[in-house]
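# Secondary and tertiary structure notes
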Amino acid sequence: MYLETVKTMNVFSHPEFDNHEHLSFFCDPETGLKAIVAIHNTSRGPALGGCRMFPYATDEEALRDVLRLSRGMTYKSALANLDLGGGKSVIIGDPREHKTEALMEAMGKHLESLGGRYSAAEDSGTSVADLRVMGRHTRYVAGIANRTGFDGNPSNGDPSPATAYGTFIGLKAAVRHKLGHDDLTGLKVAIQGVGNVGFRLARHLREAGAELWVHDIHQDNLQRAVDELGARPASAEDILFLPVDVVAPCAMGAVLNDASIPKLKAGIIAGAANNLLDRPEHDAMLKQQDILYAPDFAINAGGIIDVFYERTDATPETVRKHVDTIGDTLTEIFNRSDRTGLPTGDIANELAEERFQKHTAGAGLAPMRLAGTG
Ligand code: NAD
């Protein structure tokens, strides 16, 4: 009777397994912690990736998410030429209801037990403050240190400024490739989502002379872009379909789908949001419509680059120069796509695989000092 009600959860034969090196399932009944850490590939170095907290309906849903996200980190870091592997963790639970300091501390203890094979950073449902609580018990948390940022401004570890700058550099590379110029004066850009990344991207674009249209579901964020940057507000229905040069989705994923792609009027899609394509084949649909798509995990790598350098003695200039290479990587992707006729997302995957398969592990990520150990 009992057996009939148990649903099997495949791991090694899971459709998203993709030869993951390591999976850990953590449970701490005292704090209610249930977490999974997935380490996809460490051929370039120890894994780094966000720790997401989400009220997954089933364990299967959590497993699928962590496997997909972790694999994505291998590709993102390899493409950004970082000595890092790919990994991710998920905590099963509603951050608004189940998050406690004790739970975060328990997560920290579990991360420490992995001995540095994986380091966690903030992700949806977790904050820098949560990561700092985990850091009481582990050296393997990232994106939490106060330091001078890549742009010379004080940073609390938040990767958003570097993500926004990298997206700006990538957008410029796309404009150069498609429109043949570096000058952004008068370039028309529509930005969906002007939060941490989108607003900063808008500011870079404004400073470069671009004309902006913005939409955000939060009126305050929308108004800030209108008041401070002179952006024009657009409706939720219109923002992706305006007759502009570039659409920059900086809010949520899966916005490039069967319904939206035929209605796009911009020639370039270059935004920071993760998992922009609803399905992998949407990449080919964009190419068929002669739309240049800057693959999300190539253009939004500024944040992971910034976090990587947190534990090193690198100067802000070194970090900025590394973020600048996002432009070169995208140019290589665009050129190869032109030569082969393959969509840019396929080329980005291919290039990332070349980079993580050939690479022998580098110095990787140095551990953080445990909080309180000086
Ligand atoms: P954020 O939450 O600060 O900003 C997102 C903004 O989008 C918010 O202002 C929100 O109100 C708005 N928004 C949400 N749904 C919307 C919708 N349907 N239409 C219009 N606006 C909407 O998040 P963020 O850190 O700026 O990240 C933005 C995107 O970039 C996310 O997809 C994130 O995964 C991705 N990303 C962020 C980083 C980073 O360093 N923060 C790094 C890589 C990728």
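Residues numbered from 1 in each chain as written. Predicted model: local features only at pLDDT ≥ 70, side-chain atom pairs only at ≥ 80, totals over all residues. Heavy atoms only, no water.

## Thoughts on the site of the ligand
Cut-off, in case you're wondering: By convention in these notes, a residue is near a molecule or strand provided one of its non-hydrogen atoms lies within 4 Å of it. Any pair of N or O atoms that falls within 3.5 Å is considered a polar contact. Within protein, one atom must be able to donate a hydrogen and the other to accept it, and sequence-neighbouring residues count only if both atoms are side-chain atoms. Surface accessibility in these figures is a Shrake-Rupley result with a 1.4 Å probe; residues are shielded only by whichever protein chains are displayed. Helix and strand definitions follow DSSP, with helices as H or I runs of at least four residues and strands as E runs of at least two, each counted in order from the N terminus. Three classes are used: nonpolar for Ala, Val, Leu, Ile, Met, Phe, Trp, Tyr, Cys and Pro, charged for Asp, Glu, Lys and Arg, and polar for all others, with Gly counted as polar.
Around the ligand sit 21 residues in total, of which Thr163, Val197, Asp216, His218 and Asn221 are the nearest. Contacts to the ligand include Ala251, whose backbone N or O atom sits 3.2 Å from an oxygen atom. The separation between an oxygen atom of the ligand and a polar main-chain atom of Ala272 is 3.3 Å. Alone, the ligand offers 830 Å² of accessible surface; in the complex the protein occludes 75% of this. Elements that contribute at least two residues to the shell around the ligand include exactly helix H6 (160-179) and helix H7 (196-207). For the shell around the ligand, the residue count by class is nine nonpolar, 11 polar and one charged.

## Here's the deal with the pattern of salt bridges
Formally: For this analysis, a salt bridge means a side-chain nitrogen from Lys or Arg found within 4 Å of a carboxyl oxygen belonging to Asp or Glu. Partly exposed describes any residue whose relative accessible area lies between the buried limit of under 20% and the exposed limit of over 50%, with all areas from a 1.4 Å probe on protein chains only and scaled to the type maximum.
Evaluated as defined, the whole model comprises 24 salt bridges. Asp65 is the partner of Arg52 in a salt bridge, and the nearest nitrogen-oxygen pair spans 3.6 Å. Placement of the pair is Arg52 in strand S3 (residues 47-54) and Asp65 in helix H2 (residues 59-79), with a sequence separation of 13 residues. Of the charged contacts, one joins Arg96 and Asp94 as a salt bridge, the two residues approaching to 3.6 Å between their closest N and O atoms. Residue Arg96 is classed as exposed on the basis of its relative accessible area of 75%. A residue is classified by how much of its surface remains accessible, and Asp94, at 11% relative accessible area, is buried. One connected set of salt bridges, linked through shared partners, spans Glu332, Arg336, Glu350, Glu354 and Arg355.

## Quick notes on the packing of aromatic side chains
Two descriptors summarise a pair of aromatic rings, namely the distance from one centre to the other and the angle between the planes of the rings. Worth spelling out the cut-off: Pairing of aromatic rings covers Phe, Tyr and Trp, the last counted by its six-membered ring, and requires centre-to-centre distances within 6.5 Å; plane angles under 30 degrees mean stacked, over 60 mean edge-to-face, and any other angle means tilted. Note on criteria: charge over ring means Lys NZ or Arg CZ within 6 Å of the ring centre, with the direction from the centre no more than 35 degrees off the ring normal.
Tallying each qualifying case throughout the model produces five aromatic pairs. Between Phe12 and Phe17, the ring centres sit 5.4 Å apart and the planes meet at 75 degrees, which makes this aromatic pair edge-to-face. Classification of Phe12 as exposed rests on a relative accessible area of 72%. Taken together, a centroid distance of 5.4 Å and an interplanar angle of 35 degrees make the contact between Phe150 and Tyr165 tilted. Here the residue Phe150 occupies a position in the loop between strand S6 (147-148) and strand S7 (154-155), and Tyr165 occupies one in helix H6, the gap between them amounting to 15 residues. Against the face of Phe199 rests Arg224, its NZ or CZ located 3.9 Å from the ring centre. In this arrangement the basic side chain of Lys263 is found over the ring face of Phe241, its NZ or CZ atom lying 4.5 Å from the centre.

## Brief notes about the side chain of His40
Note the cut-off: We call two residues contacting when some pair of their heavy atoms lies within 4.5 Å.
Note on placement: His40 falls in strand S2 (residues 33-41). A polar contact is formed between the side chain of His40 and the side chain of Asp18, at a distance of 2.7 Å. A polar atom in the side chain of His40 sits 2.7 Å from the side chain of Thr74. With sequence-adjacent residues up to four places away left out, His40 is seen in contact with Asp18, Asn19, His20, Glu21, Ser70, Arg71, Thr74, Tyr75, Gly86 and Gly87.

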